[in-house]
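Survey of secondary and tertiary structure
If you want the building blocks of each chain, they are given just below.
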Amino acid sequence: QVQFVESGGGLVQPGGSLRLSCAASGTIFSIYNMGWYRQAPGKQRELVAGISSGGSTYYADSVKGRFTISRDNFKKMVTLQMNTLKPEDTAVYYCNVRPNPFSWGQGTQVTVSS
């Protein structure tokens, strides 16, 4: 079992940037495919970016070219660099394994608004 603590969210104007971090506990983090998910008010949680244990990446069409996911297996961390943010990126962001997530952490709120 792996547990996650997300951080780095905040309020940013459209076009701005944020860098989200996810710290994982557990001793076998490196074997998991990881993902950043988000849930906007009234919507289902969705996967926005993924990174495999080998470093291959996946991006939802809505964030492709704007978001970059990376991982540091030694530090047991996953990061999401978000650029050119849009109001529709407003959501609570979570990290977890994929495709079958463990228990969810608290997430970190990202609000994009002028």
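My aim in this report is to walk through the structure given alongside it, one point at a time.

Comments concerning the nonpolar core
Nonpolar side chains in soluble globular proteins tend to be buried together. Counting residues in each nonpolar core, the largest one holds 30 residues, and the members touching the most others are F4, M34, W36, I69, L80, M82 and Y93. Elements with a contribution of two residues or more to this core: β3 (18-25), β4 (34-39), β5 (46-51), β7 (67-72), β8 (77-82), β9 (91-97) and β10 (108-112). Apart from residues lying up to four places away in sequence, M82 is in contact with G16, S17, L18, L20, R66, F67, Y93 and V110.

Concerning the pairing of β7
Residues F67, I69 and R71 point to one face of β7 and are all buried, whereas T68, S70 and D72, pointing to the other face, are not buried. Note that β7 and β8 share 6 bridges and pair antiparallel. By the bridge assignment, F67 is partnered in β8 with M82. Counted along the chain from β7 to the antiparallel partner β8, the turn is 4 residues long, and its residue K76 has a positive phi close to 55°.

Comments concerning the pairing of β8
Sheet analysis places β3 next to β8, joined by 6 bridges and oriented antiparallel. Within the sheet, the bridge partner assigned to L20 lies in β8 and is L80.

Focus on the sheet that holds β7
Ordered by their spatial adjacency, 4 strands build an open sheet running β1-β3-β8-β7, and the pairing between neighbours is antiparallel. Taken across any chain shown, the strands that pair with only one partner, and hence form the sheet edges, are β1 (3-7) and β7. In this sheet, neighbouring strand axes are inclined to one another by 15° on average, regardless of whether the strands run parallel or antiparallel. Bridge count between β1 and β3: 5 bridges; the pairing is antiparallel. Bridging across to β3, Q3 finds its partner in S25.

Rules behind the numbers
Residues numbered from 1 in each chain as written. Predicted model: local features only at pLDDT ≥ 70, side-chain atom pairs only at ≥ 80, totals over all residues. Heavy atoms only, no water. Core = buried A, V, L, I, M, F, W, Y, C linked by side-chain atoms within 4.5 Å. Buried < 20%, exposed > 50% of the residue type's maximum accessible area, 1.4 Å probe, protein only. Helix = DSSP H or I, 4+ residues; strand = E, 2+ residues; numbered from the N terminus. Contact = heavy atoms within 4.5 Å. Pairing = 2+ DSSP bridges. Axes fitted to C-alpha atoms, helices over the stretch in contact; angles between N-to-C directions.

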